[in-house]
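Secondary and tertiary structure notes
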Amino acid sequence: MSPASPSASASAKDTRNDRDARNDRDARNDRDTPPPLPEPLRVAVADSHTHLDMQSGTVEEGLAKAASVGVTTVVQVGCDVKGSRWAAETAAAYENVHAAVALHPNEAPRIVLGDPDGWSRQGARAGGGEAALDEALAEIEALAQLAHVKAVGETGLDYFRTGPEGMAAQERSFRAHIEIAKRQGKALVIHDRDAHADVLRVLREEGAPERTVFHCYSGDADMARECAAAGYYMSFAGTVTFKNAQPLRDALAVAPLELVLVETDAPYLTPAPYRGRPNAPYLVPLTVRAMAAVRGIDEDAMATALAANTARAFDY
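Criteria and cut-off values
- Residues numbered from 1 in each chain as written.
- Predicted model: local features only at pLDDT ≥ 70, side-chain atom pairs only at ≥ 80, totals over all residues.
- Heavy atoms only, no water.
- Helix = DSSP H or I, 4+ residues; strand = E, 2+ residues; numbered from the N terminus.
- Expected span 1.5 Å × (residues − 1).
- Buried < 20%, exposed > 50% of the residue type's maximum accessible area, 1.4 Å probe, protein only.
- Arc of directions from axis to C-beta.
- Polar contact = N/O pair within 3.5 Å; in protein donor to acceptor, adjacent residues only side chain to side chain.
- Axes fitted to C-alpha atoms, helices over the stretch in contact; angles between N-to-C directions.
- Parallel < 35°, antiparallel > 145°, perpendicular 65-115°, else oblique.
- Contact = heavy atoms within 4.5 Å.
- Nonpolar A, V, L, I, M, F, W, Y, C, P; charged D, E, K, R; others polar.
- Pairing = 2+ DSSP bridges.
- Right-handed = clockwise from strand over helix to strand, strands pointing away.
- Left-handed = near helix turned anticlockwise from the far one by under 90°.
- Salt bridge = Lys/Arg side-chain N within 4 Å of Asp/Glu carboxyl O.

Description of helix H11 (residues 299-314)
Across its 16 residues, H11 extends 22 Å between first and last C-alpha, which sits within 8% of the 22 Å expected from 1.5 Å per residue. Residues Glu 299, Met 302, Ala 303, Ala 305, Leu 306, Asn 309, Thr 310, Ala 313 and Phe 314 constitute the buried set of H11. Along the axis of H11, the buried residues cluster in a sector spanning 165°; they form a single face. For H11, the N-terminal capping position is held by Asp 298, with its side-chain oxygen 2.9 Å away from the main-chain nitrogen of Asp 300. With its phi angle positive at about 55°, Asp 315 sits one or two positions after the end of H11.

With respect to the packing of helix H7 (residues 196-206) against helix H8 (residues 221-230)
The N-to-C vectors of H7 and H8 enclose an angle of 10°; their axes lie 12 Å apart at closest approach. When the axes of H7 and H8 are compared, the pair comes out roughly parallel. Seen from H7, the contacting residues are His 196, Leu 200 and Arg 204; seen from H8, they are Met 223, Glu 226 and Cys 227. Here the contact of H7 with H8 is built from residues that sort into three nonpolar, one polar and two charged.

Side note on the pairing of strand S1 (residues 45-50)
Counting buried residues along S1, six of its six residues qualify, which places the element largely inside the surrounding structure. Two strands pair when backbone bridges link them, and S1 and strand S2 (residues 71-77) are joined in this way by four bridges, in the parallel orientation. In the sheet register, Ala 46 faces S2, and the bridge partner there is Thr 73. You can see the chain leave S1, run along helix H2 (residues 59-67) and come back into S2, and the turn it takes is right-handed.

Here we look at the pairing of strand S6 (residues 149-158)
The buried fraction of S6 is high, at ten of ten residues. In the sheet, S6 pairs with strand S7 (residues 187-193) via six bridges, with the strands oriented parallel. Counted as the bridge partner of Gly 156 is His 191 from S7. Following the backbone out of S6, through helix H6 (residues 164-184) and into the adjacent parallel S7, one traces a crossover that is right-handed.

Structural notes on the packing of helix H9 (residues 246-254) against helix H10 (residues 284-295)
Between H9 and H10, whose axes approach to 9 Å, the crossing angle comes to 70°. In terms of axis orientation, H9 runs roughly perpendicular to H10. Along this stretch, H9 crosses H10, giving a crossing that reads as right-handed. In contact with Arg 249, Leu 252 and Ala 253 of H9, H10 contributes Met 291, Val 294 and Arg 295. In the contact of H9 with H10, the residues fall into four nonpolar, no polar and two charged.

Some details on the pattern of salt bridges
Note that side chains of opposite charge can pair when their charged atoms are close. In the structure shown here, the tally under the stated rule is 17 salt bridges. Ionic pairing is found between Arg 42 and Asp 300, a salt bridge with its closest N-O pair at 3.1 Å. Here Asp 300 lies in helix H11 and Arg 42 lies in the loop between helix H1 (6-32) and S1, a separation of 258 residues in the sequence. In this structure Arg 42 comes out as exposed when scored by relative accessible area, which is 58%. Given a relative accessible area of 24%, Asp 300 falls into the partly exposed group. Shared partners join several salt bridges into a network, and the residues in it are Glu 171, Arg 175, Asp 198, Arg 201, Glu 205 and Glu 206.

A short note on the side chain of Thr 73
Within the secondary structure, Thr 73 sits in strand S2. We classify Thr 73 as buried; its relative accessible area is 13%. Excluding its chain neighbours within four sequence positions, the residues that come into contact with Thr 73 are Val 45, Ala 46, Asp 47, Asn 96, His 98 and Tyr 316.

Dropping the structure here:
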């Protein structure tokens, strides 16, 4: 076979480049496309942790889509003062929405030290010091007194995004949230990222509220046993469906069924096979079915337990 001419080689290269560009464009479009509706659950469940304010579409559309597949209740979670106000207002407006209010662990250092890069949704901010944190915590407690606010959270520790300079503010905020939850008789929703030992230490030192939920549980089986001994709920997200998440499945396998919840943390952590695409409460059935498979029970039994556990954890 004779060698290809320069023009033929150039043409082939152009074709490959066009194909690669088209594939890249299709991949980007696919990541932006919401996954299809899953098969509905026969037993209704609750999404124990979601962020409707960060999802596309209206609240009504999101709730209707979720209800169409058997997800009839959601817990809307605030991450800062503004988002917590929105959560409380939304829960007041919709019977099947319950609110959790708090300063996210990464929000506390931004309040105290400032956020010059504007990483949070509030844009660039100057540091306000301890007084600003006290003011924000006072507003969270005022919101936590409302009847339709069922939890204080998400609070806790996050060593993934916050460096050593922000850890003191995080821990101070975490301890304050624990006290707010106990004073107001509300559940405590924990955000724990790369900080398992310190989260458990602070809970022991402060004394955890009667109802404590580890949102998007990320520990191993040993930690699950420790949480179970303390009576903490463990809420599993789409991460339990990821191929590399066997330690998480091992934790689910040993967690007492009566302490297990399900969540989306939407718009994040979309379950397989749609990882990387937009998440929303209507995708809870995918995680429920994966959880049932891990536990070796049918999906109706799994859903029945999850529904009862979530109502008990959030007292609704």
